[in-house]
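Results of the structural survey
Here is what each chain is made of, one letter per residue.
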Amino acid sequence: LAVFYTQGDAHYHYWFPTHLACSSLAGTHVRCLRGSAVRSNLNERFPFLNTQASRAHEVATVSMTQAMEVVRVPALSDNYIWLLHEPKSGKTAVVDPAEAQPVTAALSQRGWNLDYIFNTHHHFDHTGGNLQLKKQFNGLQVVGPQADADRIPGIDIQVKDGDTWKFGSLEMRVFDTPGHTRGHITYWLPEAKALFPGDTLFALGCGRLFEGDPRTMWSSLSKLLPLPADTQVYCAHEYTQSNAKFAVTVDPNNTALQERKERIDDARSRGEPTVPSLLGEEFATNPFLRPSDVGIRSALKVDNSVPDWEVFGKIRAAKDRF
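Keep in mind it's a predicted model, so treat the numbers as computed, not measured.

Let's talk about the nonpolar core
One broad trend across soluble globular proteins is that nonpolar side chains are buried collectively. Counting residues in each nonpolar core, the largest one holds 29 residues, and the members touching the most others are Met68, Phe118, Phe167 and Phe196. For this core, the secondary structure elements donating two or more residues are strand 7 (79–86), strand 8 (91–95), strand 9 (116–118), strand 11 (155–159), strand 12 (164–167), strand 13 (170–176), strand 14 (185–189) and strand 15 (194–196). If you look at the next biggest cluster of nonpolar residues, it comprises 23 residues, including Phe288, Leu289, Ile296 and Val302.

Right, here's the structure in full:
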């Protein structure tokens, strides 16, 4: 079943594995199609949904160090799945597999087996490939949030805030980061300088508060503020251009933000991805990490007596209306 819907800045495109699929879009009639006919039918009738051409050149290694190789695998319309390969042990993991097929294709191209799935939260565009991948790879283990274990398909290993876990030779640290969902977690691999925040933190944005409130989400984001500025942020969606368009409205005098927006607009005009980003860039330009900033508070007409979590809430509410 293919389900498409939009809520503000969040665009959801879910593909449910079934021999029959129904597509429904606002202003159109419902048609039932078999298998792959869904995707080709929609691409023909709605060209803006056709991402196949860009996928071909966007599946790529984006980081290769002695510690870990990271491969970006686009999926659905704007999701990024991340393949992680730890060369010392030969272990391979995938972060938030929205669908199985592009993951297996990328693995096959590189001759890798799949040992782990790391899920940040339960939404289907982050877990949709879990069960199919478990069927394809013997011994594959799903790692996910203890706080949301009942909603993570096929979960084997439950982790929580403060846990450390070994991915091959690498230490992986876990943060509970609820707000977008009640059980969201974030993974940090210090030696690889890699952060996988799912839908908690985006390039120039943050996730909508579907199952949390501003105080909760700000507490979650605050856990990321002490991390090193040279950390790469591997978020789960290509939302950066729309996030930048909003960011300049609440932080209009930030020169670094204006320059970054220009680079983003230029990259997207060429069909290039904008993820990953540097955490240091987010510290300097992401309004959702900067509620204490005098310029942002001035733009929102908020004085210094208002706590950061309330200012964050005003920024999030403004983005929801944008």
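Description of the pattern of salt bridges
Per the stated rule, a full pass over the model turns up 18 salt bridges. Arg151 is the partner of Asp148 in a salt bridge, and the nearest nitrogen-oxygen pair spans 2.7 Å. Given the relative accessible area of 0%, Asp148 is considered buried. Judged by its relative accessible area of 24%, Arg151 falls in the partly exposed class. Arg316 is the partner of Asp320 in a salt bridge, and the nearest nitrogen-oxygen pair spans 2.8 Å. With Asp320 and Arg316 both in helix 11 (residues 308–321) and four residues apart, this pair spans about one turn of that helix. The exposure class of Arg316 is buried, given its relative accessible area of 2%. Three or more residues joined by partner-sharing salt bridges are found here, namely Asp148, Arg151, Arg182 and Glu211.

Regarding the confidence of the model for the protein
When pLDDT is averaged along the protein, the result is 86, and 82% of the positions lie at 70 or above. Taken as a whole, residues 1–57 scores under 50 in pLDDT and shows 98 contacts with residues more than four places along the chain or in a different chain.

A look at the packing of helix 7 (residues 240–250) against helix 8 (residues 255–269)
Between helix 7 and helix 8, the least distance of the axes is 10 Å, while the angle of their chain directions is 150°. With respect to each other, helix 7 and helix 8 are oriented roughly antiparallel. Regarding helix 7 and helix 8, the two cross each other, and that crossing is left-handed. Seen from helix 7, the contacting residues are Thr240, Gln241, Ala244, Lys245, Ala247 and Val248; seen from helix 8, they are Leu257, Lys261, Ile264, Asp265 and Arg268. For the contact of helix 7 with helix 8, the per-class residue count stands at five nonpolar, two polar and four charged.

What counts as what
Residues numbered from 1 in each chain as written. Predicted model: local features only at pLDDT ≥ 70, side-chain atom pairs only at ≥ 80, totals over all residues. Heavy atoms only, no water. Core = buried A, V, L, I, M, F, W, Y, C linked by side-chain atoms within 4.5 Å. Buried < 20%, exposed > 50% of the residue type's maximum accessible area, 1.4 Å probe, protein only. Helix = DSSP H or I, 4+ residues; strand = E, 2+ residues; numbered from the N terminus. Salt bridge = Lys/Arg side-chain N within 4 Å of Asp/Glu carboxyl O. pLDDT = per-residue confidence, 0-100. Contact = heavy atoms within 4.5 Å. Axes fitted to C-alpha atoms, helices over the stretch in contact; angles between N-to-C directions. Parallel < 35°, antiparallel > 145°, perpendicular 65-115°, else oblique. Left-handed = near helix turned anticlockwise from the far one by under 90°. Nonpolar A, V, L, I, M, F, W, Y, C, P; charged D, E, K, R; others polar.

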